[in-house]
Every structure is written in structure tokens, then in C-alpha cells.
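Report on the structure
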Amino acid sequence: MVAELLARGWTLIDDFLPPSELRLWRDWALAQRACLTPARVGRERRLDPALRGDRTLWIDNLGEVEGGAPLAARFEQLRLCLNRDCLLGLDTLELHLACYPPGGHYAPHHDRVRDDDTRMLSCVLYLNEAWMADDGGELQLFESDDPHGEASSVQPLGGRLALFLAEGRLHEVRASRRERWSLTGWFRRRTSV
Ligand code: OGA
Ligand code: MN
């Protein structure tokens, strides 16, 4: 996994959440529905539904969510492993719950906003049950900055963690036919002083 992440800039861990925990997180996610607010884009945090259609809820402390300790521990284990093997200097994890309504998408974008290069690694943990190929909602990881160019396509399968190096990686969420749930986050490096 580490070798693949370094060589091509992205990798997948398909069983990051075992099925019993997937059910728990899915139930938790559905129970947060009323707390979700339209996601914002860019440094100015503006609303732009044509660019981005998901609704999100920021999670301050994953370990404090009921039943959340094992997942928090797994993210911490991942952080330590990546720091040891990739020297990425990952420090904190910022995380939000995200729900795309049917037809919602996120146009091609980068995860680093201007003037802030502390987001090192993007992590998306999918919470969908029985996702089918024709449900859509793929994460498209472009090979270059050309949104019409070559891309790898990742299906948002429940329990799957998609990881990609944030720097310079153009990516997109394609519209899906069903509601599409994920826990999406970024490992940041420490800001230099
Ligand atoms: C994001 C994003 C990818 C996904 O929220 O910035 O690119 O597959 N998400 O949900
Ligand atoms: Mn993104």
C-alpha cells in the first residue's frame, strides 16, 4: 500500500472498515442527516452548488463519537505507519461526514486551497451499502491537470478507504444515482514556524 501510494500517488484499502463497523458508521451517518450543511469551496468558503453538491458535518473528535474509538485508532495507526515509511510528517486529521444527494457531484478540483500547503494526504472512507457499478458516484483521479485527460476511476464501495497525495492531484466526484456517504478527511503536516 505504501509503495503504491508513493509510486503513483494514490492507493485503496478495501477493508479499512470491517462490515460490523461499517453498519455502525452508516447508522451514525444517517442519524446526522439533520445536522449536515451545504459544503463550501475555496479559501473564501463560498457556496457554489454548480461546483459542489454535497452536504457536510465537520467532526472534531472521531474518538468521542459513540463506538468511534476503533476507527480513530485505525486512522492513528495509518498516520504512524505513513510517517515511518513515507516521511510525510503527518500531524493532524481534519475530517467531515459528507453526503451527496442523487445527482450531486463535485467538479474537478484540488484539495489544497491557495496559500495553504499543509494538506498532505486526502482520505475518503466510503459508507455506502451494496453499491453497484451503475450507481455512478465514482471518484475520478486525473493523471494530469487536464480534466479531459486520463483518469483512474474509484467506486465508493462501503468500507473502502481511498488515499491520495493532495499536492497537485486533480480529482472529481461524478454524479451518482443514489445518496453517497463518506467520511472524508485530510492529514495535515505541522505548519513550520
Ligand atoms: C472532497 C473529495 C472525494 C470523494 O471532498 O474534496 O474530493 O470520493 N471527495 O468523496
Ligand atoms: Mn477533493
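Residues numbered from 1 in each chain as written. Chains lettered and ligands numbered in written order. Predicted model: local features only at pLDDT ≥ 70, side-chain atom pairs only at ≥ 80, totals over all residues. Heavy atoms only, no water.

What about the nonpolar core?
- The biggest cluster of nonpolar side chains holds 35 residues, and the ones touching the most others in it are Phe-75 and Leu-97.
- Put simply, the parts of the chain that give this core at least two residues each are helix H1 (2–8), helix H2 (19–31), strand E3 (55–59), helix H3 (69–86), strand E4 (90–100), strand E6 (119–126), strand E9 (161–165) and strand E11 (180–189).
- The biggest single contributor to this core is H3, with 6 residues.
- Residues contacting Leu-97, with those up to four places away along its chain left out, are Trp-28, Ala-29, Gln-32, Leu-36, Arg-55, Thr-56, Leu-57, Ile-59, Leu-127, Trp-181, Ser-182 and Leu-183.
- In terms of nonpolar packing, the next biggest core, distinct from the first, is built from 8 residues, Trp-10, Val-124, Tyr-126 and Ala-162 among them. (Core = buried A, V, L, I, M, F, W, Y, C linked by side-chain atoms within 4.5 Å. Buried < 20%, exposed > 50% of the residue type's maximum accessible area, 1.4 Å probe, protein only. Helix = DSSP H or I, 4+ residues; strand = E, 2+ residues; numbered from the N terminus. Contact = heavy atoms within 4.5 Å.)

Things to note about the site of ligand 1
- For ligand 1, the full set of nearby residues is Arg-52, Tyr-106, His-109, Asp-111, Val-124, Tyr-126, Leu-139, His-171, Val-173, Arg-180, Thr-184 and Trp-186.
- Between ligand 1 and the protein, one listed contact pairs an oxygen atom with a side-chain N or O atom of His-109 at 3.2 Å.
- Between Arg-180 and ligand 1, the recorded distance is 2.8 Å, taken from a side-chain N or O atom to an oxygen atom.
- Across the complex, the protein chains shield 98% of the 290 Å² of accessible surface that ligand 1 would expose by itself.
- In terms of residue count, the dominant contributor to the shell around ligand 1 is E11 (3 residues).
- Each residue belonging to the shell around ligand 1 can be placed in one class, and the counts come to 6 nonpolar, 3 polar and 3 charged. (Near = heavy atom within 4 Å. Polar contact = N/O pair within 3.5 Å; in protein donor to acceptor, adjacent residues only side chain to side chain. Areas by Shrake-Rupley, 256 points an atom, 1.4 Å probe, with all protein chains shown as cover. Nonpolar A, V, L, I, M, F, W, Y, C, P; charged D, E, K, R; others polar.)

Function cannot be inferred from these measures alone, as they are strictly geometric.
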